[in-house]
Structure formats: structure tokens, C-alpha cells
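Examination of the molecular architecture
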Amino acid sequence: MYQMTAQLKAGSKMPEHHHPQEQIVHILTGRMKLIVDGTPHEMTTGDSFYLASHVPHGVETIEETRVLDTFSPPRDEYLAIDEANRQRVRD
């Protein structure tokens, strides 16, 4: 599993996408719409949503929102970003 937090600005959008990992979206603060397979789900502080693998989803942020995302298995592209950041700190 892999966990990350994301700070989303009010009015920001993430286009519909999908990935092979399962995902749990947990709203730490704020409010957003998680659009799952074309159906919007308004989420607010404390809400969570499970996404099975390959389910199309996108985001429309209603107000500034902080999200905790959990992926299983980890997403390789995020692991690569973490490793690049560790290398930068070492150099």
C-alpha cells in the first residue's frame, strides 16, 4: 500500500482517469465532488470512498481540500517521485 496527502485548491479539477490500483479517498478537510463512472459524490471532512481498480473517476474541488489517498498496490509513478525527492535532499 502507499499513502499520500494532497492539497487541492478550490475550483481545481482532475480529469477522469483510471488505474489498476485500488484506492481509498479520505477527506481530511474541505469539500469536493468525486465523480465515479460519471456519477458525482459530494464529499466533506471525514468522508471516505473506495474505488476498485480500473474504475473511471475524476475530481472537482468545491473548496480548498486536503485528501489522504491510499493505493494498493503502490503507484510506481509516485514511488519514483518520492525517490527523486530523496535523492535531491541527499545531494
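Above this text sits the structure in question.
Residues numbered from 1 in each chain as written. Predicted model: local features only at pLDDT ≥ 70, side-chain atom pairs only at ≥ 80, totals over all residues. Heavy atoms only, no water.

Looking at the overall build of the protein
Under the convention used in this document: By definition, any uninterrupted DSSP run of H or I lasting at least four residues is a helix, any uninterrupted run of E lasting at least two residues is a strand, and each is numbered from the N terminus. Three exposure classes are used, based on accessible area relative to the maximum for each residue type with a 1.4 Å probe and protein chains only: buried under 20%, partly exposed in between, and exposed over 50%. Two residues form a contact once any of their heavy atoms are found within 4.5 Å.
Summing up its helical and strand segments, the protein has one helix and six strands in all. The dimensions of the protein, computed from C-alpha atoms along their principal axes, are 45 × 25 × 20 Å. Expressed as a percentage of the 91 residues in the protein, the buried residues total 26%. Long-range contacts, defined here as pairs at least 24 residues apart, represent 73% of the contacts in the protein between residues at least 6 apart.

Some remarks on the packing of aromatic side chains
By convention here, two paired aromatic rings are described through the distance between centres and the angle between planes. Just so we agree on the cut-off: Stacked, edge-to-face and tilted are the three classes for Phe, Tyr and Trp ring pairs, Trp counted by its six-membered ring, which pair at centre distances within 6.5 Å; planes under 30 degrees apart are stacked, over 60 edge-to-face, the rest tilted. Comment: the charge-over-ring label is applied if NZ (Lys) or CZ (Arg) is within 6 Å of the ring centre and within 35 degrees of the ring normal.
The tally for this structure, following the rule as stated, stands at two aromatic pairs. Three or more aromatic residues link up through ring pairs in this structure, and these residues are Y2, F71 and Y78. Here the guanidinium or amino end of R75 rests over the ring plane of F71, the centre of that ring lying 5.3 Å away.

Details of the nonpolar core
Here is the rule we go by: Throughout this description, the term nonpolar core refers to a set of buried Ala, Val, Leu, Ile, Met, Phe, Trp, Tyr and Cys residues connected via side-chain atoms within 4.5 Å.
With nine residues, the main nonpolar core is built from V25, I27, M32, L34, V36, M43, L51, V59 and V67. When residues of this core are traced back to their parent elements, those giving at least two are β3 (22–36) and β6 (57–72). Take this core: its biggest share by element is five residues, from β3. The contact partners of V67, leaving out residues within four places of it in the chain, are M4, T5, A6, L8, V25, H26, I27, L28 and M32.

Section: the pattern of salt bridges
The condition is simple: Any carboxyl oxygen of Asp or Glu within 4 Å of a side-chain nitrogen of Lys or Arg constitutes a salt bridge here.
With the rule as written, the count across this model stands at six salt bridges. With a closest N to O distance of 3.6 Å, E63 and R31 form a salt bridge. With E63 in strand β6 and R31 in strand β3, the pair connects residues that are 32 residues apart, well separated along the chain. Taking relative accessible area as the criterion, R31 reaches 30% and is therefore assigned partly exposed. Linking R86 and E83 is a salt bridge whose minimum nitrogen-to-oxygen distance equals 3.1 Å. On the criterion of helical spacing, the pair formed by R86 and E83 is a turn pair, its members being three residues apart in helix α1 (residues 76–90). You can call R86 partly exposed: its relative accessible area is 40%. The class of E83 is partly exposed, set by a relative accessible area of 32%. Each of R31, E42 and E63 takes part in a single network of salt bridges with overlapping partners.

Notes on the pairing of β3
For clarity, the threshold we go by: For two strands to pair, DSSP has to find at least two bridges joining them.
Sheet analysis places β3 next to β6, joined by 13 bridges and oriented antiparallel. The partner of T29 across the bridge, within β6, is R66. Where β3 lies against strand β5 (residues 48–51), four bridges are found, and the strand directions are antiparallel. The partner of I24 across the bridge, within β5, is Y50.

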